Amino acid sequence: SIIFSSKGPAIYDDNYLKLFEKYSEQNTMAFQFSIVTADDSLAKKVEIGVPSPSKRFKYMKTLSDMGYWTILRLRPFIIGITDHTLPELLEKAYNSGASAVSTEFYAVDNRCVGNMREATKNLGKLMGIKDIFKFYTSLSPKERGGYCRLNRQIKERHIKYIYKFCVEHNMVFTCSDPDFKELSMSGNCCGMPPKGMHPTKDMNNWSSNQLTAFLRSEER
């Protein structure tokens, strides 16, 4: 199987669409769409220079209608941004034909410098946080070092909301985050179908020698 991961417009080029349509019967390709907010105006500030979420959902719908396995790549989940439109975001993904959701929470690297540090500070402002480095340092488990991932308690209600939505809408939930990975419905954290769920066996040829698959031992 081949998995495409994108938030750009290239895969929507007419030449590519003709190829995707031509080979759709083989059903050996999957498409991830990275979308972290349903708010088009906010997305312009968070993801500069890429198509709006509305356009990305349009791309997703086109490929879903061809019969392809499509995935909402809700990564990173940014608290203060993603949670404000989470219900709308998930509904739009479902209505666009997404079969799965893959999520992971935003993390902050305290060691970043220069332009990356300034970009992180600017993102913090959009999140409504005065000092993003202080915020993440104080709310991240110390044993994880300078790469700060928010603690499990902060993430819990958001993960449960996504998980419940997936259960109710017959979608596959997968988690690439170290917290709540155990809830993944597939041994592939990117949202590929679990074994036996997809009619094409080649869609399950991803590596099972990784943590998510070990947690779902029945897939090994």
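Before reading on, note that the structure itself is shown above.
Conventions and cut-offs
Residues numbered from 1 in each chain as written. Predicted model: local features only at pLDDT ≥ 70, side-chain atom pairs only at ≥ 80, totals over all residues. Heavy atoms only, no water. Helix = DSSP H or I, 4+ residues; strand = E, 2+ residues; numbered from the N terminus. Polar contact = N/O pair within 3.5 Å; in protein donor to acceptor, adjacent residues only side chain to side chain. Contact = heavy atoms within 4.5 Å. Pairing = 2+ DSSP bridges. Axes fitted to C-alpha atoms, helices over the stretch in contact; angles between N-to-C directions. Phe/Tyr/Trp six-rings, centres within 6.5 Å; stacked < 30°, edge-to-face > 60°. Buried < 20%, exposed > 50% of the residue type's maximum accessible area, 1.4 Å probe, protein only. Parallel < 35°, antiparallel > 145°, perpendicular 65-115°, else oblique. Nonpolar A, V, L, I, M, F, W, Y, C, P; charged D, E, K, R; others polar. Expected span 1.5 Å × (residues − 1). Bend = angle between axes of the 7 residues up to and from the residue. Core = buried A, V, L, I, M, F, W, Y, C linked by side-chain atoms within 4.5 Å.

Student: Account for the side chain of Arg149, naming residues and giving values.
Tutor: Mapped onto the elements of the fold, Arg149 is located in strand β6 (residues 147-149). Within polar-contact distance, the side chain of Arg149 engages the side chain of Glu104 at 3.1 Å. Not counting chain neighbours up to four residues away, the residues in contact with Arg149 comprise Glu104, Phe105, Ala107, Leu139, Ser140, Pro141, Arg144, Lys155, Asp177 and Pro178.

Student: Account for the sheet that holds strand β2 (residues 29-34), with residues named and values stated.
Tutor: Taken together, the 5 strands give an open sheet; going across it, the order is β1-β2-β3-β4-β7, and neighbouring strands pair in parallel fashion. The sheet is open, and its two borders are formed by β1 (2-6) and β7 (172-175), each paired with just one other strand. This sheet shows a mean twist of 20° between the axes of neighbouring strands, independent of strand direction. For β2 and strand β3 (residues 69-77), the ladder comprises 5 bridges, and the chain directions are parallel. Considered in β3, the bridge of Ala30 is made with Trp69. Each of β3 and β4 (100-105) is contacted by helix α4 (residues 86-95), which is oriented at about 160° to β3, the strand it contacts most.

Student: Describe the packing of aromatic side chains, with residues and values.
Tutor: Throughout the structure, instances matching the rule amount to 11 aromatic pairs. Between Phe4 and Phe20, the aromatic rings sit 5.6 Å apart at their centres with planes inclined by 65°, giving edge-to-face as the arrangement. Residue Phe4 is found in strand β1, and its partner Phe20 is found in helix α1 (residues 14-22); the two are separated by 16 residues along the sequence. Here Phe4 falls in the partly exposed class, since its relative accessible area comes to 27%.

Student: Give me the lowdown on the packing of helix α5 (residues 114-127) against helix α6 (residues 132-139), citing residues and values where you can.
Tutor: Packing of α5 against α6 leaves a shortest axis separation of 9 Å and a crossing angle of 80°. Relative to α6, α5 is oriented roughly perpendicular. In this structure, α5 contributes Arg117, Thr120, Lys121, Gly124 and Met127 to the contact, and α6 contributes Ile132, Phe133 and Tyr136. Its residues assigned to classes, the contact of α5 with α6 comprises 4 nonpolar, 2 polar and 2 charged.

Student: Any chance you could break down unusual backbone geometry for me, citing the residues and the numbers?
Tutor: In this chain, Arg75 is followed by Pro76 through a cis amide linkage whose omega measures 0°. Secondary-structure assignment places Pro76 in strand β3. With a phi angle near 55°, Asn27 is a residue other than glycine that sits in the positive phi range. Owing to a relative accessible area of 14%, Asn27 belongs among the buried residues under this scheme.

Student: Kindly report on helix α7 (residues 152-168), identifying the contributing residues and their values.
Tutor: Helix length check: α7 (17 residues) gives 23 Å between terminal C-alpha atoms against 24 Å at 1.5 Å per residue, within 8%. Most pronounced at His158, the bend in α7 amounts to some 30°. Along α7, the residues that are buried comprise Lys155, His158, Ile159, Ile162, Phe165 and Cys166. As for α7, its buried residues are in contact with β3, α4, β4, β6 and β7. Of the residues that open α7, the one with a side-chain oxygen 3.1 Å from the backbone nitrogen of Gln153 is Asn151. In the segment just after α7, Asn170 is the residue with positive phi, at about 55°.

Student: Before we move on, can you summarise the nonpolar core with the specific residues and values?
Tutor: Counting 56 residues, the largest nonpolar core has Phe20, Leu72, Leu74 and Ile162 as the members making the most contacts within it. A per-element tally of this core places β3 first, with 5 residues. Setting aside its immediate chain neighbours within four residues, Leu72 contacts Phe33, Ile35, Met60, Leu89, Leu90, Ala93, Ala98, Ala100, Val101 and Ser102.

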